[in-house]
Amino acid sequence: MIRRVRRMSVVMRIMHWLLALSVVACFVTGLYIAKPGWLRPTGWGPSDALVMGNVRFVHFVFAMLLDVAFLVWLYLFFFSREAPLVRSLLPVGRRLGEAVRMLRHYFTLRDKPPTGDPHIDPLNAYGFLLIHLLVFVQMVTGFALMRPTFSHANSLVPVWPWILGKAEAASVAVLGSIVVVREVHHLAAFLIVALAMVHVYLQIWRDAFWTEGHISVVVSGYKYVEDEQPTKPT
Amino acid sequence: MPKRPPLRAPRSQRTAPPLDRVERRLDRLDRRFGASGLPLDELLARNGVSRREFLKWSSFMTAALCLPPAFERAVARAAALAPRVPVVWLHLQECTGCTESALRSAYPGIAELILEYLSFDYHETIMAPAGHAAEKSLEDTLSKHRGEYLCVMEGSIPTAMDGKYLRLGPAGETGLSLARRVAADAKAVIAIGHCASWGGPQSAAPNPTGARPVHEALGIRTIRIPGCPYNSVSLVGTILNFLLVGDLPALADGRPAWAYAKRIHDTCPRRAHFDAGEFVEQWGDEGAKRGFCLYKMGCKGPYTWNNCNEMGWNEAASFPIRAGHGCIGCSENAFWDQMAPLEKPLADGGVDIPFVRGVEGTVDAVGWALVGGAAAGIAAHAAYSGLVKGTRGSGENREE
């Protein structure tokens, strides 16, 4: 019998797509900001072009959305009514065992772990944790890089420069200098994109090989499992 | 670890010092040092600087030091006193470029003149005595003006092999020992240039001589005036500040905040071209002729705090970015290690991969390798999955 399993609440789905959109937008604009090779204003004369200005604006807006998505995720991580992600990570010992089992399945294609659980599987959960930790790194280093252009004069909320100042002090204290902060910000972006690629591939792979409608999880919130009797062939 | 400038100066430093206290202090200094050295009026007249030019300069320095206009007279008085305060200038592990920069300008401004005629009781480059006579004048200053002289240190201090990489004077004293001795009784120690402030190129990896900036080598507090070379306005301003309030100026990252709290990138004359997306693509191209932004030519203005944009060099005639070359970040810690190659943007800069020292790629290359590796892994896994599914038959997954 095929059973419907609720996997993601509507807030989680919205945050997921917000995160996905922001990561893509920030990565593309970030590449331009780091090395502005394309999008050149035409002509040599005086112009009102504001290419870098606009690209940075888009970068900042999506970075803010990303930060909001991160903070909502952080809240849901502990306090979600439906499925706090922290439950997929604790107790660490058993969850790590389950994650390793899933990893083994990906490489041997045998012994598929049970997938009827409404919670996210631990391997995915650890992956999401890593991505969100990297988003946090981007948030702090990004604030640090933003600090010099930001002052009391142009901030709407007085606490804002204080936050940026703390972010800068913390990241410079950990990494040594603003140059290294900048490099870490750059490298972490690539790491997030690499992890996102693996994530997208795995969801497609699961949908194709498990035929449980995994892609549907992030659209409708549901997936479909066949309630099977645990028979062990071979 | 270096600290960035705070968003605001501490409350105690946010307001100007009381003017009457400053005046009383200057009276006291006048009584103590007024008779020694050359009167500034005479010095300026001899160099063809009119009283009017001097007053204009005083207003400029007052504004630069973030003081209200009422302080102009006090600043002028302090400037007149400046050449009379005893200064001991030590040359350590350095190239003397900072001294040259201050003393050899073709048309010295008032700042340069004040520097030139500072009462250098000991300055190895310009003092007349040599050998034991020079050593004696140093000892005289140390004993006569104990606790009153300013100590300016130019150059880093090699600490490896007990400082034996640097020996100075007829007795062959190590730089480490000399610096320690002079700093002990100084009113304040000013570290001049990148070497004294941050260590300079000689402290770049692998740093065979163990070169350290003054504050690290001696474990003392210094006022850092970094730059390669430093801007003479920054040194004169710091000395004036000392004369006015007798204390350290508000510091940002150990540097006088009035000179180093602004980022080059934010006050850059080419900033509009950065925001427009108009960049110099190669030296001498049309963009270079039109003064476009030098970001893609490796300008490190976005990571550098200094006052080049406002003060300029050579009587405010120009500075590197205005002249057409990007900033190399010479006032920042470890710029030699971290900002190289100096004519390439940081995205093309070398990156040391942690724990794999010596392996070096560009930041971009490492990033794309990560993404490429992920893509290759995905392709391999997809092919493997398809293959296994083909050989085991499509039924297996459903059976599990």
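For clarity, every value in this text was computed on a predicted model and none was experimentally measured. (Residues numbered from 1 in each chain as written. Chains lettered and ligands numbered in written order. Predicted model: local features only at pLDDT ≥ 70, side-chain atom pairs only at ≥ 80, totals over all residues.)

(A) The arrangement of the nonpolar core in detail. Core analysis: the largest hydrophobic core is formed by 76 residues, its most contacted members being B:Cys151, B:Met153, B:Ala179 and B:Leu240. A per-element tally of this core places helix H12 (residues 232–245) of chain B first, with 8 residues. Counting residues in each nonpolar core, the second largest holds 42 residues, with A:Val55, B:Cys268, B:Phe292 and B:Tyr295 among its members. (Core = buried A, V, L, I, M, F, W, Y, C linked by C-beta atoms within 7 Å. Buried ≥ 20, exposed ≤ 12 C-beta atoms within 10 Å, placed from the backbone. Helix = DSSP H or I, 4+ residues; strand = E, 2+ residues; numbered from the N terminus.)

(B) Representation of helix H1 (residues 10–34) of chain A. All names here are of chain A. An ideal rise of 1.5 Å per residue puts 36 Å on 25 residues; H1 measures up with 35 Å between its terminal C-alpha atoms. Of the residues making up H1, those classed as buried are Met12, Met15, Leu19, Ser22, Val23, Cys26, Thr29, Gly30 and Ala34. Packed against the buried residues of H1 are helix H2 (51–79) and helix H7 (178–210). (Expected span 1.5 Å × (residues − 1). Contact = placed C-beta atoms within 7 Å.)

(C) Expanded view of the domain arrangement of chain B. Partitioning chain B into domains gives domain 1 (15–259), domain 2 (264–348) and domain 3 (361–399). Placing a centre on the C-alpha atoms of domain 2 of chain B and another on those of domain 3 of chain B gives a separation of 44 Å. (Domains from an automatic or database assignment.)

(D) Structural context of the packing of H1(A) against H7(A). All names here are of chain A. Across the interface, H1 lies against H7 with an axial gap of 11 Å and an inter-helix angle of 145°. In the crossing of H1 with H7, the sense of the turn from one axis to the other is left-handed. Judged by residue contacts, Val23, Phe27, Gly30 and Ala34 of H1 engage His186, Ala189, Ile192, Val193 and Ala196 from H7. Its residues assigned to classes, the contact of H1 with H7 comprises 7 nonpolar, 2 polar and no charged. (Axes fitted to C-alpha atoms, helices over the stretch in contact; angles between N-to-C directions. Left-handed = near helix turned anticlockwise from the far one by under 90°. Nonpolar A, V, L, I, M, F, W, Y, C, P; charged D, E, K, R; others polar.)

(E) Focus on the environment of A:Val23. All names here are of chain A. Within the element layout of this structure, valine 23 appears in helix H1. It is 8.1 Å that separates the C-alpha atoms of valine 23 and alanine 63, two residues lying 40 residues apart in sequence. Once residues within four sequence positions are removed from consideration, valine 23 is found in contact with Leu66, Ile192 and Ala196.

(F) Representation of the interface of chain B and chain A within the structure. Opposite the 40 residues of chain B that make contact, chain A presents 44 residues. The set of elements that each furnish at least two residues to the side of chain B that touches chain A consists of helix H14 (271–276), helix H19 (363–392) and helix H20 (395–399) of chain B. Here the side of chain B that touches chain A takes 11 residues from H19(B), the largest share from any one element. Its residues assigned to classes, the side of chain B that touches chain A comprises 22 nonpolar, 6 polar and 12 charged.

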